[in-house]
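# Working through the structure, step by step
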Amino acid sequence: MPEYRTEPLNVPYVSGILPEGERDRRVALTSFRSAAPQSRVPTREVECYECGRRSHVPSSAISAGCVHCHATLNMEDVELNSGTRNLTVRTLGNVMVAPGTVLSHLSVVCRNMTVYGRISGNIRCTQELCFRESSRVEGEVRARRLVIDRAAEVVLTDAVSVREALVEGKLAADVRAAGVIRVGRDGVLRGRCDAADIAVEPGGQYIPPRD
């Protein structure tokens, strides 16, 4: 029977230290870092109209899911006109009421809302609510910023909650503002106001109720 002899194993490294070339090769094989820079998708911060908490969504998305309450959020802009049948609007986009439009019993939650027609109902804007024409709103109004244009005469029958307000036209309302209410030089504000400050420019008027 032939005799077999084992040859000694020649190891190219000592004490577990790899040669430089072998070490570089293994690092290259196990590296997950890409040479090309990764582009980040632009996002914007939104406030969920269901739970009220904020999150970031892609800027170009037309809908997204709230990461907190998992509600489906619409982010499209909406235009309301006289032919509008759906009087309930929920969107993180902007809403515009077209000129000549007359709508009542509205329920709107949106980012910005610009009103050229006559509306009535409950309105909540996470940013700005702007009246460009005269209107009488019977319902709850909440916004970060309320703007009454010079050409508008607006009556808000229910209490209004805002962060700040700018009255350049005529507004009759009871306004609660966390910040400043500004009355322009041609503006007239009638009603009870609870605000951090009321700034009236020369020519403007603030007429509180008589107790």
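Relevant structure appears above.
Attention in this report is confined to the structure presented alongside it.

Quick notes on the rules
Residues numbered from 1 in each chain as written. Predicted model: local features only at pLDDT ≥ 70, side-chain atom pairs only at ≥ 80, totals over all residues. Heavy atoms only, no water. Helix = DSSP H or I, 4+ residues; strand = E, 2+ residues; numbered from the N terminus. Buried < 20%, exposed > 50% of the residue type's maximum accessible area, 1.4 Å probe, protein only. Contact = heavy atoms within 4.5 Å. Pairing = 2+ DSSP bridges. Axes fitted to C-alpha atoms, helices over the stretch in contact; angles between N-to-C directions. 1 Å grid on protein atoms, 1.4 Å probe; cavity = no way out; pocket = protein on both sides within 12 Å on 5 of 7 lines; lining within 4 Å. Points joined across faces, edges and corners; volume = space filled by probe spheres on them. Nonpolar A, V, L, I, M, F, W, Y, C, P; charged D, E, K, R; others polar. Core = buried A, V, L, I, M, F, W, Y, C linked by side-chain atoms within 4.5 Å. Polar contact = N/O pair within 3.5 Å; in protein donor to acceptor, adjacent residues only side chain to side chain. Salt bridge = Lys/Arg side-chain N within 4 Å of Asp/Glu carboxyl O.

It is worth spelling out the overall build of the protein chain at this point. Across its full length, the protein chain carries 1 helix and 21 strands. Counting over 211 residues, the protein chain shows a buried share of 33%. Here the contacts in the protein chain between residues at least 6 apart in sequence split such that 5% fall between residues at least 24 apart.

Each strand in a sheet pairs with its neighbour through backbone hydrogen bonds, running either in the same direction (parallel) or in the opposite one (antiparallel). Here we have 5 strands laid out as an open sheet, ordered 11-13-15-18-21, and parallel in their pairing. Each edge of the sheet is formed by a strand with only one pairing partner; in this case those strands are strand 11 (135-137) and strand 21 (205-207). The average undirected angle you get between the axes of adjacent strands in this sheet is 10°. Inspection of the sheet shows strand 13 (residues 153-156) paired to strand 15 (residues 170-172) by 3 bridges, in the parallel sense. Residue pairing for strand 15: Val154 is matched across the bridge by Leu171.

By volume, the largest pocket is sized at about 250 Å³. For the largest pocket, the full set of lining residues is Glu47, Arg54, Arg124, Cys125, Thr126, Arg142, Ala143, Arg144, Ser161, Val162 and Arg163. Across the lining of the largest pocket, the residue classes break down as 3 nonpolar, 2 polar and 6 charged.

If you trace the backbone, Ala178 turns up in the loop between strand 16 (175-177) and strand 17 (180-183). Among the residues examined, Ala178 registers a relative accessible area of 59% and is labelled exposed. Here the alpha-carbon distance between Ala178 and Ala165, two residues 13 residues apart in the chain, equals 9.8 Å.

Ranked by size, the top nonpolar core spans 35 residues in total, and within it Met113, Ile119, Leu129, Phe131, Leu146, Leu156 and Leu171 carry the most contacts. Within the second largest apolar cluster, 11 residues are counted, among which are Val46, Val57, Cys66 and Met75.

This paragraph deals with the side chain of Ser120. Among the structural elements, Ser120 can be located in strand 10 (residues 118-131). A polar contact is formed between the side chain of Ser120 and the backbone nitrogen of Glu138, at a distance of 3.0 Å. Not counting the four nearest positions on each side in its chain, Ser120 is found in contact with Leu103, Ser104, His105, Leu106, Arg136, Val137 and Glu138.

So, about the environment of Leu156. Note on placement: Leu156 falls in strand 13. Note: C-alpha distance between Leu156 and Arg136 (20 residues apart in sequence) is 6.0 Å. Discounting chain neighbours no more than four positions away, the residues touching Leu156 are Phe131, Val137, Val141, Leu146, Leu171, Ala172 and Ala173.

It is worth spelling out the pattern of salt bridges at this point. Throughout the structure, instances matching the rule amount to 7 salt bridges. Close ionic contact of Arg142 with Glu140 constitutes a salt bridge, the shortest N to O distance being 3.3 Å. Judged by relative accessible area, which is 40%, Glu140 ranks as partly exposed. Here Lys170 ties to Glu153 by a salt bridge, and the two come within 4.0 Å at their closest N and O atoms. Residue Lys170 is located in strand 15, and its partner Glu153 is located in strand 13; the two are separated by 17 residues in the primary sequence.

Turning our eyes to something else, we now look at empty space enclosed by the protein. Applying the stated rule across the entire model yields 1 cavity of 30 Å³ or more. The computed volume of the largest cavity comes to approximately 70 Å³. Forming the walls of the largest cavity are Arg44, Glu45, Val46, Glu47, Arg54, Leu92, Arg111, Thr126 and Gln127. Secondary-structure elements contributing two or more residues to the lining of the largest cavity are strand 1 (43-47) and strand 10. Ranked by the residues each element gives to the lining of the largest cavity, the list is headed by strand 1, at 4 residues. Tallied by class, the residues present in the lining of the largest cavity amount to 2 nonpolar, 2 polar and 5 charged.

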